[in-house]
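# Close look at the chain arrangement
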Amino acid sequence: MEVLFVFCAIVALIGGVLCVVQRNAIYSLLSLLVSFAGTAGVFFCLDASFVAVSQILIYAGAIAVLFLFVLMFTDTRTVLGMGTPRVVDSRAVFNPDAKPEAGTRVKRFVLPNPLAALISLGVLAAMLFAIFKLPERFGKFGPLVEGEGLARDGIVPMVQFGSASGITLVTFQDFPLAFEVVSILIFAAVLGAVLLAKRHTAQATEPEPAVATEDE
Amino acid sequence: MFWGYDIFLPVVWLLLAAGIILLIDLFSDEPDKVQMPLFFTAIGGALLSFVSLNPYWNAPPVQPHFNAVQVDQFSAYLMAAILVGTAISMFASLSYVRRIGVSLADFLITLLLAASGMLLLTVSNDLIMLFLSIELLSFSVYVLTGLNSRSSRSAEGAMKYFIMGGLATGFMVMGMGAIYAVTGEVGLREIGRRLFALFAQPDGSEIMAVLGMGAVLISFAFKVGAVPFHSWVPDAYEGAPTTVTGFMAVAVKAAAFGALIRLAIVAFPDNAGVQGFTGDFGWASWALWALSAMSMVLGNWFAISQRNVKRMLAYSSIAHSGYLLMGIASAGASTEAYAAILFYLLAYTLMTSGAFAMLVYASSGGKDIESVDDLRGLAWKKPAVGIGMAIFMFSLAGIPLTGGFMGKYFLFSQAIDAGGRFMWLAILGICTSIVGSFYYLRVVAVTYFREPDDRPIHGRDDWGIKFALSLTVLGTVYLGISPTWAYNAAREGVAQLQQSAVVVVEAPRKAPPALVEKP
């Protein structure tokens, strides 16, 4: 199990790094998929089978495909030669007319800004330091069963922790209100998407009824 | 009544109104005939919500059995301010939104959803509810910003706001994850207890808590538009329909500062027992100090050079975020800075939504007010409106006899009380607000001392906006002349919240259900 865990973790990390440094958006997305699969494996190794399956179904299955559709619909070729932002009328916008200079090869990988990389690595180092300093009880599975943290009531043994029943218990017993608010949130998001998308079709179809009545 | 679930009534009324509006809009064949029913449904929802805050004045805090929210006088105060801002925005939009080509029903539903997210944010008592309600309000406000389909600036503003807001959300989730990792709790009070114990006996893992708190602070700085996290503010404020801009400026700020104060009091108490960013969290106080100083200086500085009124008010809102952050930074060392922030938020709600309603009033045809010159001679076309504009601008600049002056007075005097570096912050605040009064007074000067043009004024026969303006003018003047009542209510609310954070009550352990067998 440990071997599988380490393998999945490495796959997830490599996928994540590739996702960030790829210049081509489609390759980036495929790396993200690999990373999702690795994360699902990590969840599976931690006995969170339900989370692992949801990860595959929702992230790898639905969200990545959604990304793919968006990328396919937009013209990704222009992204390569988008140029640097320029300032127009006190706003920074991307220059759509910029072309890569003839003869220069567009690099396949992009490396992050050194300063940003330094800050990120610093934060990572601080977090790792803190994780190794965490009390013993956080490092092992045992005390979770006896009543610390999420499982403080002793109701969720580790084996059941990530199973469907464990998650159901947590959702509907400890956080029922959050569940309700999530439904309102999704309602707001769907409604907002419809409102913002509706206006284009409304403008496009507005003249049509008049034409139809004339024909009759 | 309602088995203890009546604490959700303020939110439920808003959601109910949104649902009814959705159904009326869906089943009506003639949209023009249902405008008034739609409008009064929304106003009725806000009014009922306001009335259902009644049990929480001068009453002990109420918590349902699952501990995710806490309703107390502190949140009731903020909810009242948010509902007032929402109602003013509705009145001001009554005919404005249709004129710019937005359906009233769409606008009202999104506004009500945003308001319900804000109300939830002020009562959230655990990290999950905090995150969800911030997302609910942000999604709705992104949509509101982009509602104006005729304007490409509206789409641009919405897009920028969405992307920066998404980044802020990332910071917030990251920070909450770190805090959860180090405390193992999501409830704010439990987190406070764990952090208290952790900082009493540091073992090295508190770095994680510090990183988490830093990330959460950054995300709140994004939400309130503090420098250097302000880049979305001018574009989003300029692009959004004017009444939405007013709503964004006041209600989002009130909700975000409410949540930040609750976090500071309940979740991050330091080891000296002082609630606020001192002692162990002194670094946070320094960070807020820097945010506040930069926001005050740069916000006012950029506002001076703006010719566009909405962009000017956007930068002025950044500056006001700076004044409010000064209160949060100095709260650990002073006694009543939180109450001063609450009072300032109430005064700010009235004067800023009034100022934006004034821009709607003075606009003509389907065209928004753009440059300051569009306001020329307004005071001679409509003397009463000129006086109202002057009152809002005086209040924003902080000139006596207005709510804005009293708010600044309370905030600055608390910071001076705190002494040390906060006194210098207060001095900086006074200097910058003197500089800032230049661009507010320029608007007044343009309305009085320039020749009026013959453009028609939109608000002449719009009773909704007249009502909104009267309400805000009266409120601003009232808070300036007699601030005691509102200030005392704020003080009691904060005291109550502090009380509920100090008394540490162990939640009774639930009996394990029979469903899961123990190993």
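Every value quoted in this text rests on a predicted model; they were computed, and no experiment measured them. (Residues numbered from 1 in each chain as written. Chains lettered and ligands numbered in written order. Predicted model: local features only at pLDDT ≥ 70, side-chain atom pairs only at ≥ 80, totals over all residues. Heavy atoms only, no water.)

Before going further, it helps to spend a moment on the overall build of chain B. For chain B, the count of helices and strands is 20 helices and zero strands. A compact globule built from 519 residues would reach a C-alpha radius of gyration of about 24 Å, and chain B, at 22 Å, matches this within 12%. Expressed as lengths along the three principal axes of its C-alpha atoms, the size of chain B is roughly 80 × 60 × 40 Å. Relative to its 519 residues, chain B shows a buried fraction of 64%. In chain B, the share of contacts with a sequence separation of at least 24, taken over all contacts with a separation of at least 6, comes to 79%. Put simply, chain B shows about 18100 Å² of open surface, and 69% of that area lies on carbon and sulfur atoms. Here chain B contributes 30 positive and 32 negative side-chain charges, whose respective centroids are spaced 6 Å apart. (Helix = DSSP H or I, 4+ residues; strand = E, 2+ residues; numbered from the N terminus. Rg over C-alpha atoms; globule rule 2.2 N^0.38 Å. Buried < 20%, exposed > 50% of the residue type's maximum accessible area, 1.4 Å probe, protein only. Contact = heavy atoms within 4.5 Å. Areas by Shrake-Rupley, 256 points an atom, 1.4 Å probe, with all protein chains shown as cover. Lys, Arg positive; Asp, Glu negative; His and termini not counted. Charge placed at Lys NZ, Arg CZ, Asp CG, Glu CD.)

Before going further, it helps to spend a moment on the overall build of chain A. Along chain A, the regular secondary structure elements total eleven helices and two strands. Each helix and strand of chain A, ordered N terminal to C terminal, gives the series α-α-α-α-β-β-α-α-α-α-α-α-α. Within the span of chain A, comprising 216 residues, buried residues form 26% of the whole. Long-range pairs, those at least 24 residues apart, make up 49% of the contacts in chain A with a sequence separation of at least 6. A total accessible area of about 14400 Å² is found for chain A, and carbon and sulfur atoms account for 72% of it.

This next bit is on the side chain of A:Ser28. Residues and elements named next belong to chain A. Its location among the elements puts Ser28 in helix H2 (residues 25–45). The class for Ser28 is buried, based on a relative accessible area of 14%. Excluding anything up to four places from it in sequence, Ser28 contacts Cys19 and Gln22.

How two helices sit against one another is set out by the angle between their axes and by the gap between those axes. Residues and elements named next belong to chain B. Two elements in contact, helix H3 (residues 73–93) and helix H14 (residues 337–362), have axes whose closest approach is 10 Å; the angle formed by their N-to-C orientations is 5 degrees. When the axis of H3 is compared with that of H14, the two are roughly parallel. On H14, the residues touching Phe74, Tyr77, Leu78, Ala81, Val84, Gly85, Ile88 and Ala92 of H3 are Leu342, Phe343, Leu345, Leu346, Thr349, Leu350, Ser353, Ala357 and Val360. Among the residues forming the contact of H3 with H14, the class breakdown is 14 nonpolar, three polar and no charged. (Axes fitted to C-alpha atoms, helices over the stretch in contact; angles between N-to-C directions. Parallel < 35°, antiparallel > 145°, perpendicular 65-115°, else oblique. Nonpolar A, V, L, I, M, F, W, Y, C, P; charged D, E, K, R; others polar.)

What follows concerns the pattern of salt bridges. All names here are of chain B. What the rule picks out here adds up to eleven salt bridges over all chains. One salt bridge connects Arg194 with Glu185, and the closest N-O pair in it is separated by 3.2 Å. Its relative accessible area of 7% is what places Glu185 among the buried residues. Linking Arg311 and Asp235 is a salt bridge whose minimum nitrogen-to-oxygen distance equals 3.2 Å. Highlighted residues: Arg311 in helix H13 (residues 309–330) and Asp235 in helix H10 (residues 233–239), separated in sequence by 76 residues. (Salt bridge = Lys/Arg side-chain N within 4 Å of Asp/Glu carboxyl O.)

All names here are of chain A. Considered domain by domain, chain A is made up of domain 1 (1–76) and domain 2 (149–201). Taken together, the contact between domain 1 and domain 2 spans five residues of the former and six residues of the latter. Looking at the side of domain 1 facing domain 2, the largest losses of area belong to Asp47, Phe50 and Val51, adding up to 80% of the total buried there. Linking domain 1 with domain 2 are zero salt bridges. For the pair domain 1 and domain 2, the number of links is zero residue pairs in polar contact (both at pLDDT 80 or more). Counted by class, the side of domain 1 that touches domain 2 contains three nonpolar, one polar and one charged residues. (Domains from an automatic or database assignment. Buried area = accessible area lost by both parts, 1.4 Å probe. Polar contact = N/O pair within 3.5 Å; in protein donor to acceptor, adjacent residues only side chain to side chain.)

Next up on the list: the packing of aromatic side chains. Residue and element names in this part refer to chain B. Evaluated as defined, the whole model comprises 26 aromatic pairs over all chains. For the pair Trp286 and Trp289, a centre-to-centre distance of 5.8 Å together with 55 degrees between the ring planes defines the contact as tilted. On the criterion of helical spacing, the pair formed by Trp286 and Trp289 is a turn pair, its members being three residues apart in helix H12 (residues 282–304). An aromatic cluster is built from Phe139, Tyr142, Tyr161, Phe162, Trp232 and Tyr237, whose rings are joined through pairwise contacts. (Phe/Tyr/Trp six-rings, centres within 6.5 Å; stacked < 30°, edge-to-face > 60°.)

Quick look at the confidence of the model for chain A now. Residues and elements named next belong to chain A. With 63% of its residues at a pLDDT of at least 70, chain A reaches an overall mean of 73. The element-level mean pLDDT for chain A is lowest in helix H11 (residues 208–215), coming to 40, with helix H1 (residues 2–21) highest at 91. Long-range and interchain partners of residues 139–156, a stretch whose pLDDT sits below 50, account for 31 contacts in this model, where long-range means more than four residues apart. (pLDDT = per-residue confidence, 0-100.)

Our next topic: the environment of B:Glu30. Looking at the secondary structure, you find B:Glu30 in the loop between helix H1 (9–27) and helix H2 (35–51). Considering only alpha carbons, one finds B:Glu30 and B:Leu291, 261 residues apart in sequence, at a separation of 51 Å.

Another aspect to go through is helix H16 (residues 383–397) of chain B. All names here are of chain B. With 15 residues, H16 should cover 21 Å at 1.5 Å per step; its first-to-last C-alpha distance of 21 Å lies within 8% of that length. With eleven of 15 residues buried, H16 is to be regarded as a mostly interior element. Here H16 has its buried residues at Val385, Gly386, Gly388, Met389, Ala390, Ile391, Phe392, Met393, Ser395, Leu396 and Ala397. Considering only its buried residues, H16 is in contact with H13, H14, helix H15 (378–381), helix H17 (403–418), helix H18 (421–449) and helix H19 (463–481). Downstream of H16 by one or two residues, Gly398 has phi in the positive range, about 85 degrees. (Expected span 1.5 Å × (residues − 1).)

Right, let's get into the packing of H16(B) against H17(B). Residue and element names in this part refer to chain B. Put simply, H16 and H17 touch, their axes get as near as 6 Å, and they point 5 degrees apart. As judged from the angle between their axes, H16 and H17 are roughly parallel. Residues Ser395, Leu396 and Ala397 of H16 touch H17, and the partners they reach there are Gly403, Gly404, Phe405 and Lys408. Residues belonging to the contact of H16 with H17 are distributed by class as follows: three nonpolar, three polar and one charged.

With that settled, consider helix H7 (residues 152–183) of chain B. For H7(B), with 32 residues, the first-to-last C-alpha span of 46 Å sits near the 46 Å given by 1.5 Å per residue. Structurally, the start of H7(B) carries an N-cap: the backbone nitrogen of B:Arg153 is 3.1 Å from a side-chain oxygen of B:Ser151.

Turning our attention to the side chain of B:Glu206. Tracing the sequence through the fold places B:Glu206 in helix H9 (residues 206–224). With residues near it in sequence (within four places) discarded, B:Glu206 still touches B:Leu198 and B:Phe199.

Let us now look at unusual backbone geometry. Residues and elements named next belong to chain B. For the bond from Val227 to Pro228, the omega torsion is 10 degrees, close enough to zero to count as cis. Note on placement: Pro228 falls in the loop between H9 and H10. A positive phi angle is found at Asn58, which is not glycine, with a value near 55 degrees. What makes Asn58 exposed here is its relative accessible area of 64%. Positive phi, close to 70 degrees, is recorded for Leu401, a residue that is not glycine. On the secondary structure map, Leu401 appears in the loop between H16 and H17.

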